[in-house]
Amino acid sequence: MSARDIILQRLRNRTGGDLVAPASDFSVLERPDWSTEERIERFEKIIESVHGEVHRCTRDNWIDHVAEVLSARKARNLLIPSQHQIGQDLRAHAERDDLPNLLIYDEPIESWQPALFNDVDAGITSTRGGIAETGSLILWPTADEPRLMSLVPPIHIAVLEASQIYTTLYEALDAQNWKAGMPTNALLISGPSKTADIEQTLAYGVHGPKELIVLIIE
Amino acid sequence: MSATTPHPHIDVKEFHPRAHEALHNPQIRQNFRKAMDGLMSKRKAAFEGWDLETLRELGANVRLRALANLPDLLEQLEQKLTENGIKVHWALDGDEACRIVRDICVAREAKSVIKGKSMVSEEMELNHFLEGEGIEALESDLGEYIVQLANETPSHIIMPAIHKNTGEISELMHEKTGTDLSHDVEYLTAAARQQLREKFMNADVGVSGVNFAVAETGTLCLVENEGNGRMTTTVPPCHIAVTGIEKVVPNLADVSALLALLTRSATGQHITTYFNMISSPRKADELDGPEEVHLVLVDNGRSVIYQDDELLDTLRCIRCGACMNHCPVYTRVGGHTYGTTYPGPIGKILMPHLIGLDEGRHLPSASSLCGACGEVCPVKIPIPDLLVRLRRESVDGDKLHPAKVRGHGAKRTPLEAAIWKFWSWMHSRPGIYRTGTRFASRFRKLQPARAGAWTDFRTAPKLAGKTLHQQLRERGK
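Numbers given for residues are sequential positions, taken from 1 along each chain in its written order. The naming scheme follows written order: chains are lettered A onward, ligands numbered 1 onward. Only residues with pLDDT of at least 70 are given local features in this predicted model, and only at 80 or more are side-chain atom pairs given and counted; all residues enter the totals for whole chains, interfaces and linings. The basis for the side-chain values is all heavy atoms of the structure; hydrogens and waters are excluded.

As annotated in an unreviewed UniProt entry, chain B carries the name Iron-sulfur cluster-binding protein and is attributed to Marinobacter salinisoli.

Under an unreviewed UniProt entry, the name given to chain A is Lactate utilization protein, and the organism recorded is Marinobacter salinisoli.

This is how it looks when you write it as structure tokens:
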């Protein structure tokens, strides 16, 4: 018999009594019905408490914020999506002096891995929304915005629509019907990479980005 | 840089000498005291504004519901993962799980493995095994990396290097990797980042654990702060996840409940930096991610625990470590003293199942039974009750209770058994009892002043000059 069959048989022929679980009441996970403004404020407060940076902007001025953030950090380049509106808008402003070189992730990682790891300073991605209660961004990487865009460059800029900030993960799962089909990789990102493994002292950017900048579009 | 795998041959039975040593080591005591005090207050703050009791109730229900349907859920998980393109393997024990990992590596001609944090892989002693097969296995979680450099095992399931302070880590990194001697944590972290980035790029296989496996969607969830887990599961061309069979839950909604409890209980965070949900290997049009994803489902004694209604509660554990953070014994002696993969209260009830009470005979006794572990457990595992049961089984000679745990009666000594037998014989015979107690009171001066280790820090109790029966009779007059 295979290990699989032995394990399943043992579990099915349990010697103890019947296992009956009481019904689960998830209402404890429901938080107060916050307004959009309250959700933004809560999101901002929580993500800033873990070293995230929030810029509240509009559809007209978000590129100014990108330019400001990146020139202050002397970033040489920015990795952008090729199809998503964010990438298209940025490319339309590519001539601006205060924007760094725009790079596109349009080849399999194998062909340019060392360059991504060593030479890219920043990446910008869209999000599928945010979670106010924990200050989290929801990312579903795609062929247009691959997974490493939000992980490898030292600066990650994420664009979040204010109307897509949910109260809790429980609410977001339900509202976006995640159970109907999950992508290859889905992520909640709640701040820049960090560790406290050396004597409980917080240090940022241990493996992933050192900085997480969220542009909330109102 | 060397990547020697930790494999210290620690004798679990030698708990007492190690505890003695740890108690006399001010550095160890200070490192743990400081860390655990911080974690306790952070946990408390993180649950402010929550109905914690109701949330714990939900957590316990969710885990129980998963366990009640365990075989069906495992089959559903296997089916969903397979549909998604993830290959599922089953292992009866740690050795079989190691061989499965090796075979995947061999098929890919892999020479190097990069690892995310995984307690099951510690259980399997995977690093040691792979090294024996000529495959380099490097830990990428900073704490695990430090512990591996020191050729040690983790001393805490969440914070593996908690037993070391900055100075010790600085010296270790200087000696093993050539970094400058520095107490600047930023510098040390940046150095580790640089060292490990090279390894992520060059590794042939990434190995990770799993926090929750969701049956309804076929999704593997990983909770982490550093990003090493994301690197491990994304950069190498092949990802192997290993998990105990108990980690499966029915729905994504269940995960939202457990995640709310896990990170707050563990480190006092509302959520960790990354919550990573993996449902498939790289698809045809995608530009990164592994070409192959495998899941190894490891039993290693879990299906045996599953047979017993009481011990089954152990399988609810979500590995948050809150019980250790709050344990007065763990806080004083540290994780290495236990000599087991899982230390602290959860280790004291989990390890006897895995290694038997003969090996782990001292574990259930290494507790003050103060109940703190049971009180903080986010899924309400009755740890103190289980400790009492295992203590009874470790000295039980009458075998009245058929034991599920190997080593029933391992701690029984003939002298102690004889004393209790005599005690019960005397107490069921009133004449002999009266004569005996009167005799003991009269000759109480002969009573020894010391009673083994018990009187090291306590005064021995003295027998009264008159027995209770005598005193009552006199007062009644």
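Entries for chain B in the domain assignment read domain 1 (12-303) and domain 2 (414-474). Throughout, the edges of the domains are those of an automatic or database domain assignment. For domain 1 of chain B and domain 2 of chain B, the distance between their C-alpha centres works out to 53 Å.

Here we take up the pairing of strand β12 (residues 211-217) of chain A. All names here are of chain A. Counting buried residues along β12, six of its seven residues qualify, which places the element largely inside the surrounding structure. Criterion used throughout: strands pair if DSSP finds at least two bridges between them. By definition, any uninterrupted DSSP run of H or I lasting at least four residues is a helix, any uninterrupted run of E lasting at least two residues is a strand, and each is numbered from the N terminus. As paired strands, strand β1 (residues 53-57) and β12 are joined by five bridges and run parallel to one another. Bridging across to β12, C57 finds its partner in I217. Where strand β7 (residues 155-161) meets β12, seven bridges bridge the pair, whose relative direction is parallel. Looking at β12, one finds that E161 is bridged to I217. Buried residues are those whose accessible area, probed at 1.4 Å on protein chains only, stays under 20% of the maximum for their type, while exposed residues exceed 50% and partly exposed ones sit between those limits.

In this section: the confidence of the model for chain B. Residue and element names in this part refer to chain B. In the predicted model, chain B carries a mean pLDDT of 93, and the fraction of residues at 70 or more is 96%. pLDDT runs from 0 to 100 and stands for how confident the predictor is about each residue. Between two residues, a contact is recorded if the distance between any of their heavy atoms is within 4.5 Å. Contacts from residues 1-7, a stretch scored under 50 in pLDDT, to residues over four places away or in other chains number 26 contacts. Interface confidence for the predicted complex, expressed as ipTM, amounts to 0.97; the pTM equals 0.93.

Residue and element names in this part refer to chain B. Expected span of a helix: the number of residues minus one, times 1.5 Å. When the terminal C-alpha atoms of helix α2 (residues 26-46) are compared, their 30 Å separation across 21 residues agrees well with the 30 Å that a helix rising 1.5 Å per residue should span. When α2 is considered as a whole, its buried residues turn out to be N31, F32, A35, M36, L39, R43 and A46. Burial along α2 is one-sided: seen end-on, the buried residues are contained in an arc of 110 degrees. The exposed set on the far side of α2, more than 90 degrees from its buried face, consists of P26, Q30, K34 and K44. What the arc covers is the set of directions going from the helix axis to the C-beta atoms.

All names here are of chain A. Two joining distances apply to patches: 9 Å for like charges and 5 Å for nonpolar side chains (Val, Leu, Ile, Met, Phe, Trp, Tyr), and every residue must have over 30% relative accessible area and no salt bridge. Using a 1.4 Å probe, accessible areas were evaluated by the Shrake-Rupley method; residue-level cover was limited to the displayed protein chains. Between Lys or Arg on one side and Asp or Glu on the other, a salt bridge is scored when a side-chain nitrogen of the former is within 4 Å of a carboxyl oxygen of the latter. Only four residue types enter the charge count, namely Lys and Arg as positive and Asp and Glu as negative; His and the chain termini do not. By convention, the point assigned to a charge is CZ for Arg, NZ for Lys, CD for Glu and CG for Asp. A surface patch of like charges, here negative, comprises D25, E30, D33, E38, E41, E171 and D174. Residue placement: E171 occurs in helix α6 (residues 169-175). Residue class for E171 comes out partly exposed when judged on its relative accessible area of 31%.

Attention now moves to helix α10 (residues 185-202) of chain B. All names here are of chain B. Across its 18 residues, α10 extends 26 Å between first and last C-alpha, which sits within 8% of the 26 Å expected from 1.5 Å per residue. Buried within α10 are the following residues: V185, L188, T189, A191, A192, R193, Q195, L196, R197, F200 and M201. A side-chain oxygen of the first residue of α10 lies 3.0 Å from the backbone nitrogen of E186; this N-cap is D184. Pairs of N or O atoms are called polar contacts if they sit within 3.5 Å, as long as, within protein, a hydrogen donor faces a hydrogen acceptor (for residues adjacent in sequence, only side-chain-to-side-chain pairs).

Below, the discussion takes up the interface of chain A and chain B. Every contact between the two is made by 77 residues of chain A and, on the other side, 97 residues of chain B. With a closest N to O distance of 2.6 Å, E133 of chain A and R264 of chain B form a salt bridge. For the interface between chain A and chain B, the tally reads 45 residue pairs in polar contact (both at pLDDT 80 or more). Only α1 (3-12), α2 (36-49), α5 (113-119), α6, β9 (185-189) and β10 (194-195) of chain A provide two or more residues apiece to the side of chain A that touches chain B. Among the elements that make up the side of chain A that touches chain B, the one with the highest residue count is α1 of chain A (eight residues). Residues are sorted three ways: Asp, Glu, Lys and Arg are charged, Ala, Val, Leu, Ile, Met, Phe, Trp, Tyr, Cys and Pro are nonpolar, and all the rest, Gly among them, are polar. Of the residues in the side of chain A that touches chain B, the class split is 40 nonpolar, 20 polar and 17 charged.

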